[in-house]
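# Understanding the architecture of this molecule
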Amino acid sequence: MTTFLFHAHSGWRYVVIVVAIAVIAKFLFGLLGNSKWGQWDQRLGAALPITLDIQLLLGLVLWIARQQWLIQAPARTWEHPVMMILAVAVAHVTWIRVKKTTESSARFRTGLIGYVGAGLLLTVGIMRITGMMGPV
């Protein structure tokens, strides 16, 4: 069971990456091109928190199934899950703020800044667990 969860969690990250790049690119082009907020912007903006929720759910179930909190390495036990929860929270807060804004340029700007912030948290959390940013 944990092997399946591990592979699902590892594989779903590519969906998250593709959606994040697509949303950030769309919002950047929308902001720079003074575009009007449209239906695709709405759909893409909502897609990132949804894909992140699925990834977080898979990760937390895997974390619980493997009893990861019993391991002594802090990056593998607490740092990664906490960073991912923070990234998901930033994405959700961003999306709530985007939906409350009415002006197109403000929506693109808010979404771009928030989703880039969430992406940075995701990147740091992933790099720390893979050992790319020093000892784990």
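Scoring rules and cut-offs
Residues numbered from 1 in each chain as written. Predicted model: local features only at pLDDT ≥ 70, side-chain atom pairs only at ≥ 80, totals over all residues. Heavy atoms only, no water. Phe/Tyr/Trp six-rings, centres within 6.5 Å; stacked < 30°, edge-to-face > 60°. Helix = DSSP H or I, 4+ residues; strand = E, 2+ residues; numbered from the N terminus. Lys NZ or Arg CZ within 6 Å of the ring centre and 35° of its normal. 1 Å grid on protein atoms, 1.4 Å probe; cavity = no way out; pocket = protein on both sides within 12 Å on 5 of 7 lines; lining within 4 Å. Points joined across faces, edges and corners; volume = space filled by probe spheres on them. Nonpolar A, V, L, I, M, F, W, Y, C, P; charged D, E, K, R; others polar.

## Concerning the packing of aromatic side chains
The geometry of two aromatic rings is summed up by the distance between their centres and the angle between their planes. Here the structure, examined in full by the defined rule, presents six aromatic pairs. Between Trp-37 and Phe-108, the aromatic rings sit 5.1 Å apart at their centres with planes inclined by 50°, giving tilted as the arrangement. Of the two residues, Trp-37 sits in the loop between α1 (2–32) and α2 (39–65) while Phe-108 sits in helix α4 (residues 104–130), which places them 71 residues apart along the sequence. Directly above the ring of Trp-40 sits Arg-43, whose terminal nitrogen or CZ lies 5.4 Å from the centroid.

## With respect to the layout of surface pockets
Reported here for the largest pocket is a volume of approximately 920 Å³. Lining of the largest pocket is provided by 31 residues; of these, His-9, Gln-55, His-80, Ile-126 and Ile-129 occupy positions nearest its centre. When contributions to the lining of the largest pocket are tallied by element, the ones reaching two or more residues are α1, α2, α3 (74–100) and α4. Tallied by class, residues from the lining of the largest pocket come to 19 nonpolar, nine polar and three charged.

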